[in-house]
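Descriptive structure summary
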Amino acid sequence: MKAGRTHLKRRLVSAAIILILAGQACTISLFNPPTSITATPEAGINIPSPTPYPVAQTTFVVTLPEPLLAGETLAISVLDEVTGLSLNATQYPMSARDSLTYTGTLALPYNSVVKYRYVRLGGSQNNEDTTLGSTIRYRIHNAVGPGEVQDIIADWSDKSFTRPTGTVLGQVFNSDTGTPIPNVLVTAGGVQQFTDSFGRFELAGLPIGTQQLTAYSLDGLYLPFQQGALVAENKSTIVDLRVKPAQLVNVTFITSVPQDTVPGVPVRIAGNILQLGNTFADLQGGVSVVADRMPIMNLQPDGRYAITLGLPAGTHIQYKYTLGDGYWNAERKSSGGWVLRDFIVPSQDVTLQDNVETWLANSESGPILFEVTVPSVTPPSDIIYMQYNLFGWTEPIPMWPLGNNRWAYKLYGPLNFLGSFSYRYCRNGQCSSADDNQTVGASPTGRLAGTSFLGQDLQDVVNSWKWFENPESFALVGNTIAPRAAGFVAGVEFQPTYRPNFSYFAPQAFANAKAIGSNMAILTPSWTFANTSMLQFAPQPGQDAHWIDNAIMISQARALGLNVALFPTPHFPPTPDSATSASAAFWKSAPKDAAWWQAWFTRYRAFLVNYADLAAQTGAQSIILGGEWVTPALPGGLLPDGTASNVPADSEAQWRAILQEVRSRFKGQVLWAMPYEKSSFTTPVNFLREVDGIYLLWSVPIATSPTATKTDYANETGRLLDNEVAPLATLLGKPILLAVSYPSAGGAPSGCVANGSGGCVDLNALSRPNADLTSVSINLQTQADLYEAMFIAINARPWVGGFVSRGYYMPTALQDKSTSVHGKPAADVLWYWYPRLLGTVR
């Protein structure tokens, strides 16, 4: 465990520095440049960029699933993940060796990492995909010298082939210490997976034959490793990969910028590793890097920009300078072409001298200055973002503050087209959730702007924000509150929905939780079920936070004095039915035969142990197992419709083994999350005696009539606690924490928010970024009343061990219909009760 902590600390330091640098953007004001900070280069070599590198002649040999048709050709597409995988690809034609074998030779810089895939060209372009029908993001090759790469194409996006397949599985270890390494990207045949805390990976559905297997560290802290792996039909090829840790060196980036650059605006570095904003995910508009995750350079007295970063020696860095992200407002060549700089980090400190030729894509379209005035109710901590739509909405870009609720952003490019495009404004980068009321939702028309030879100044006004039009407050009623004994939990559980820019807003969210008196942050790290029948369950970038992102958030919460609990929460394939939860749809469609169940327990066990290791290595106090979604997997398991789940007879033994392994990895508190169901109280699962407490998921009907009052809610809550929950606490001898989830929507007290079709809405459907359900009415006061009633009831019952508000939306305050209390009157109720229950306010 000590080696694991050392490995994590090394990654945390590197990533935390980038977050601090990225956070400077919030403090920069347009036309009022920040104080210049001189970057003093460390002793080392000085490289005027670009510097050519010697190249390795690399021949790619690929086998097709069937011959090409007349008029079709094959190309290898070398991808640019900094600009966007589909936005700046370079295609190299390949030559036929025979009807199924094609070759092509590329000159690749020594020690570079090339990301590529094969495309079939003819009437249209078709990319290769996997035997399971999923898109191949890219294959990876590390050009350590001249050589030949053997590849096999499994499928095309427009065709499907039946062919023999096999699996490659194994572990990735630190070659120096033997420690398993999490969050390493392992790929073969274009199939990708990220390693878990044991360094494990499994690549299924690979065509038989020799596949190139590559392990790639997202932050470059380990050197790439590649070898061939022989895949046999219906067999698993087991391999252990040992990767070499890289030494950090200081790299100083210095660049001059064009004279038309607005003084003092943030200049970022966008690049191909985590530290330079790469999320390794397919984000909106086909981009992968996010402005919020990029380091911001410091303005120098001579007008240049500079920054010194600790980067791993031997890492292939692809980067560019930008006023936005890798696509919008990124540097261009004077000829109008994209800029993508290549650099192999040397073994000693180094200074790079660069020059941005222009931000403009061409001289025929002038830049556009957008200025906007936002409502006075906009929280002062908010950042206003712009989102552009040229071929689809792309990732939002932070604007530049002018003060007095005014923001600006100057768009230089790419504007190398004639015509119009759409744009919109949103709060804290949450476009489609925290929108300007004029451009609401996932696919609005947006405001329109057009290109022009001359520069333009567009001035807009946001009249109101969706879900924050006129923020309501709550009239608090004083109560006599008895402080609880030490150990009482006053918590906030964060919503499991995740987007890569959430990490940027996590510190403020934790500060908000602390400000309302909370003493515990419950994080809900996730993996995603990408396939039900074949049961693919692993981290999916863009939907599930990377290991290091979770570690940083835990560190940030603990730095504010909050205890941290991890509640591993899976993501399920979405369902279009708002009345059916995604987990219920998953269980209904699952095969649930003996082989499937064994695979489910194996993968779910790995999921829980992975986060037990993360909790142990980061100093989290608690881990929460269970959840309503595992009910079908418990002894005597039932599906949501009440039918038997066909769970194996040894399911209790399986859960006991999982608990035992979790405890062997994590020495903190282990809680079990169970939904409030009377049957669970009368016949509790035996292994619950082996956990340290119950995390009771509470969204219980507490309205005894349509005209019930807050007093009625409190009385009914008290009755349920006394008659049903207290006997469970006595039987198990365990503390009970009430994890409360009530939406600010009509019908919440009755336990049924009507969907307008005679059914009840799944509460997760009310959360952002899901589309608004117009059939549901909003009622902020009811949510606050329900919370206050709950507190009144538990105030008289000292045996209740804690209260947790579930579903907190991390990025921004919204007065929407969801269960989140962020920015709602219910948060005022927590602010009043939490400190008094904890005895910090009397």
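Keep in mind the model is a prediction, meaning the values are calculated, not measured. (Residues numbered from 1 in each chain as written. Predicted model: local features only at pLDDT ≥ 70, side-chain atom pairs only at ≥ 80, totals over all residues. Heavy atoms only, no water.)

1. What about the overall build of the protein chain?
Along the protein chain, the regular secondary structure elements total 10 helices and 43 strands. Its C-alpha atoms give the protein chain a radius of gyration of 28 Å, near enough to 28 Å, the size a compact globule of 842 residues would have. Along the first, second and third principal axes, the C-alpha atoms of the protein chain reach 75 × 65 × 55 Å. Buried residues in the protein chain amount to 60% of all 842 residues. Contacts in the protein chain between residues far apart in sequence, at least 24 positions, make up 76% of those at least 6 positions apart. Counting only carbon and sulfur atoms, one obtains 52% of the accessible surface of the protein chain, whose full area is about 30900 Å². One finds the centroid of the 54 positive side-chain charges in the protein chain at a distance of 6 Å from the centroid of its 62 negative side-chain charges. (Helix = DSSP H or I, 4+ residues; strand = E, 2+ residues; numbered from the N terminus. Rg over C-alpha atoms; globule rule 2.2 N^0.38 Å. Buried < 20%, exposed > 50% of the residue type's maximum accessible area, 1.4 Å probe, protein only. Contact = heavy atoms within 4.5 Å. Areas by Shrake-Rupley, 256 points an atom, 1.4 Å probe, with all protein chains shown as cover. Lys, Arg positive; Asp, Glu negative; His and termini not counted. Charge placed at Lys NZ, Arg CZ, Asp CG, Glu CD.)

2. Focus: the confidence of the model for the protein chain
Of all residues in the protein chain, 94% attain a pLDDT of 70 or more, and the chain-wide mean is 92. Note on residues 24–43: pLDDT is under 50 here. Beyond four places in sequence and across chains, it has 48 contacts. (pLDDT = per-residue confidence, 0-100.)

3. Quick word on helix α9 (residues 780–795)
Residue pairs three or four apart in sequence face the same way in an α-helix, which turns once every 3.6 residues. Taking 1.5 Å of rise per residue, 16 residues should cover 22 Å, and α9 covers 23 Å from first to last C-alpha, within 8% of that figure. Across the 16 residues that make up α9, a large majority, 13, are buried. N-capping of α9 is provided by Asn779, with a side-chain oxygen placed 3.3 Å from the backbone N of Gln781. (Expected span 1.5 Å × (residues − 1). Polar contact = N/O pair within 3.5 Å; in protein donor to acceptor, adjacent residues only side chain to side chain.)

4. A short note on the state of the cysteines
Among covalent bonds in proteins, the disulfide is the one between the sulfur atoms of two cysteines. By the definition in use, this model includes two disulfides. Note on cysteine connectivity: Cys426 is disulfide-linked to Cys431, with sulfurs 2.0 Å apart. One disulfide, between Cys426 and Cys431, carries an S-S torsion of -70 degrees and so falls in the left-handed class. Accessibility classification places Cys426 together with Cys431 in one group, the buried group. (Disulfide = S-S within 2.5 Å.)

5. Looking at the nonpolar core
Nonpolar side chains in soluble globular proteins generally cluster together in the buried interior. One finds Trp600, Trp655, Trp672, Tyr695 and Trp698 to be the most contacted residues of the largest nonpolar core, which totals 127 residues. Here the element with the most residues in this core is helix α5 (residues 594–618); it accounts for 14 residues. Apart from the residues within four sequence positions on either side, Tyr695 is in contact with Glu493, Ile522, Phe567, Ile624, Leu671, Trp672, Ala673, Met674, Leu737, Ala739 and Val804. (Core = buried A, V, L, I, M, F, W, Y, C linked by side-chain atoms within 4.5 Å.)

6. Let's talk about the pattern of salt bridges
Tallied over the entire structure, the rule returns 33 salt bridges. Salt-bridge contacts for Arg120 lead to Glu72; the nearest nitrogen and oxygen are separated by 3.0 Å. A residue pair is termed long-range when its members are at least 10 positions apart, and Arg120 in strand β7 (residues 112–121) and Glu72 in the loop between β2 (55–63) and β3 (73–78) qualify at 48 residues. Pair check on accessibility: Arg120 and Glu72 agree, each one buried. For Glu202, the salt bridge is made with Arg603, and the minimal N-O distance between the two is 3.2 Å. Of the two residues, Glu202 is situated in strand β15 (residues 200–207) and Arg603 in helix α5; the sequence distance between them amounts to 401 residues. (Salt bridge = Lys/Arg side-chain N within 4 Å of Asp/Glu carboxyl O.)

7. Notes on the packing of α9 against helix α10 (residues 825–838)
For the pair α9 and α10, the least separation of the axes is 7 Å and the interaxial angle reads 20 degrees. Accordingly, the angle class assigned to the pair α9 and α10 is roughly parallel. You can see that α9 and α10 cross each other, and the crossing is right-handed. On α10, the residues that touch Leu780, Gln783, Ala784, Tyr787, Glu788, Phe791, Ile792, Ile794 and Asn795 of α9 are Pro825, Ala826, Val829, Leu830, Trp833, Tyr834 and Leu837. For the contact of α9 with α10, the per-class residue count stands at 13 nonpolar, two polar and one charged. (Axes fitted to C-alpha atoms, helices over the stretch in contact; angles between N-to-C directions. Parallel < 35°, antiparallel > 145°, perpendicular 65-115°, else oblique. Left-handed = near helix turned anticlockwise from the far one by under 90°. Nonpolar A, V, L, I, M, F, W, Y, C, P; charged D, E, K, R; others polar.)

8. Brief notes about the packing of aromatic side chains
On inspection of all chains with the given rule, the structure shows 55 aromatic pairs. Pairing Phe529 with Phe572 gives two aromatic rings, centres 5.2 Å apart and planes at 15 degrees, and the pair type is stacked. One end of the pair, Phe529, is in strand β36 (residues 528–531); the other, Phe572, is in the loop between β38 (563–566) and α4 (582–589), and 43 residues separate them in sequence. Side by side, Phe529 and Phe572 carry an identical accessibility label, which is buried. Residues Phe607 and Tyr611 carry aromatic rings whose centres are separated by 5.7 Å and whose planes lie at 90 degrees to one another, so their mutual orientation is edge-to-face. With Phe607 and Tyr611 both in helix α5 and four residues apart, the pair spans about one turn of that helix. (Phe/Tyr/Trp six-rings, centres within 6.5 Å; stacked < 30°, edge-to-face > 60°.)

9. Let's talk about the side chain of Arg139
Among the secondary structure elements, Arg139 is positioned in strand β9 (residues 139–143). Of the residues examined, Arg139 reaches a relative accessible area of 3% and is grouped as buried. A polar contact of 2.8 Å, which involves the side chain of Arg139, links it to the side chain of Glu128. Reaching out from Arg139, the side chain makes a polar contact with the backbone oxygen of Ile152 at a distance of 2.9 Å. Leaving out residues up to four positions away in the same chain, Arg139 has contacts with Val114, Lys115, Tyr116, Tyr118, Glu128, Asp151, Ile152, Ile153, Gly189, Gly190 and Gln211.

10. A short note on the sheet that holds β15
Reading across the sheet, the three strands line up as β15-β12-β18 and stay open at both edges, with mixed pairing between neighbours. The sheet is open, and its two edges are formed by β15 and β18 (236–243), each paired on a single side. Averaged over all pairs of adjacent strands, the angle between their axes in this sheet comes to 25 degrees, without regard to strand direction. (Pairing = 2+ DSSP bridges.)

11. Let's talk about the pairing of β7
The buried fraction of β7 is high, at nine of 10 residues. The pairing of β3 with β7 spans six bridges and is antiparallel. Across the sheet, Thr73 pairs through a bridge with Leu121, a residue of β7. The pairing of β7 with β9 spans five bridges and is classified as antiparallel. Pairing of Val114 across the sheet is with His141, part of β9. Taken together, the three bridges between β7 and strand β8 (residues 125–129) define a ladder with antiparallel strand orientation. Within the sheet, the bridge partner assigned to Leu121 lies in β8 and is Gln125.

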